[in-house]
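# Coordinate analysis (summary)
Residues per chain, in single letters:
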Amino acid sequence: MPTITSTPPQSVQGDLDALSDALDAQIPAQIDDNLLIATWNIRSFGSLTRKWTAAAGDSPKRDLRGLRAIIEIISRFDVVAVQEVTGDLRSLRDMMKFFGPAWSFLMTDITLGDDGHSERMAFVFNRDRVQPSGLAAELVVPPEQLGIGEDALQQQFARTPYAVSFRAGETTFILVALHVTYGDAPEDRVPELKAIAKWMNDWARRSTKWHHNLLVLGDFNIDRSGDPLWEAFSSTGLTVPDALNDVPRSIYDDPGDPSDNAFYDQIAWFTTGSGKRRLDIDFVSAGGFDFRDLVYRNQSLTNSSLSFRMSDHFPLWVEFHR
């Protein structure tokens, strides 16, 4: 039986070579004074079929071929916030085995309850580039704020946002990862989006050193820029770089018609004063990465089939100079 560290068949290696070339062309290189941060909702990132290519009767459909492609993409960043890590850690453990001791991860326990879908949130990071700097926390709304005001959160987050601080050289930064509950209708997401916007605003106004370079990232399940979900998310000044406005987030998006793209995944921070701390690192560039034509090239896969092998979301990334 092949393992994640086995030599891939020629067809798989061809995919990996094409993927590597595209990543070289589209993702900034890791250099001494830059910082590359990404977020990726990897669909049901849990179990794994340890074959290079899963057969029709195999379950799950994610195989070594898909996982090696996921690994190749993640390897281009310093730290990646991963959503939809499940209770089964086979894919994550195989990925960390391939990476070796230079890489590590931090994650939450599974989230119980119907809306939690037994998911975890994780940060996967290159220890040669960044190190945890001491803070790890799940964000909880104060009880006295629950149910207060229009569109208020009535209960705690279904999937609690996860905050971890990192250090790169002399630079420290806090990443807050979240996955907003989709709900039965768009308006169901407004309370969580408003609550995280308020939480981030309150945190950014505090004065201790932990709160420099505070970023929020993850799957916000926002449908469109400017819609009520977007307004709730940005209500306290959280700002997304313009470079991400036309970037496809989903394999179901039309790359030729950015106006029709969803805004599910975001990376945001405060850019104005008003008592809030702004970043003391310089934004350089941002983008996404569309892997659709680079993986499983000798297979005739529908988007749905590809989503179970890779994901239905694309990774989203930002680059800073520190």
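Coordinates for the structure precede this section.
Summarised in this report is the structure supplied together with it. Fair warning: this is a prediction, and the values are worked out from it, not measured in the lab.

## Remarks on the pattern of salt bridges
Within this structure, the stated rule accounts for nine salt bridges. In this structure, R297 and D15 form a salt bridge, with 2.8 Å as the shortest nitrogen-oxygen distance. With R297 in the loop between β11 (282-288) and α6 (303-309) and D15 in helix α1 (residues 10-26), this residue pair connects regions lying 282 residues apart in the sequence. Relative accessible area serves as the criterion here: at 46%, R297 is assigned to the partly exposed category. For D15, a relative accessible area of 5% corresponds to the buried category. Among the charged side chains, a network of salt bridges with common partners joins D15, R65 and R297.

## Focus on the environment of K97
Structurally, K97 is set in helix α3 (residues 90-99). Taking the C-alpha atoms as reference points, K97 and T5, 92 residues apart in sequence, are found 8.1 Å from one another.

## Section: the sheet that holds strand β12 (residues 316-321)
Ordered in space as β3-β4-β2-β1-β12-β11, the six strands form an open sheet in which the pairing is mixed. Each end of this open sheet is capped by a strand with a single partner; those strands are β3 (103-107) and β11. In this sheet, neighbouring strand axes are inclined to one another by 20° on average, regardless of whether the strands run parallel or antiparallel. Relative to β12, strand β1 (residues 34-45) runs antiparallel, the two being bridged by six bridges. Following the sheet pairing, I37 is matched in β12 by V318. Helix-sheet contacts for helix α2 (residues 64-74) involve β1, β2 (79-85), β3 and β4 (120-126), and the interaxial angle to β1 is about 160°. Across the sheet, α3 lies against β1, β3 and β4, angled at about 155° from β3, the strand it touches most.

What counts and how
Residues numbered from 1 in each chain as written. Predicted model: local features only at pLDDT ≥ 70, side-chain atom pairs only at ≥ 80, totals over all residues. Heavy atoms only, no water. Salt bridge = Lys/Arg side-chain N within 4 Å of Asp/Glu carboxyl O. Helix = DSSP H or I, 4+ residues; strand = E, 2+ residues; numbered from the N terminus. Buried < 20%, exposed > 50% of the residue type's maximum accessible area, 1.4 Å probe, protein only. Pairing = 2+ DSSP bridges. Axes fitted to C-alpha atoms, helices over the stretch in contact; angles between N-to-C directions. Contact = heavy atoms within 4.5 Å.

Treat this as a map of the structure, not an account of what it does.
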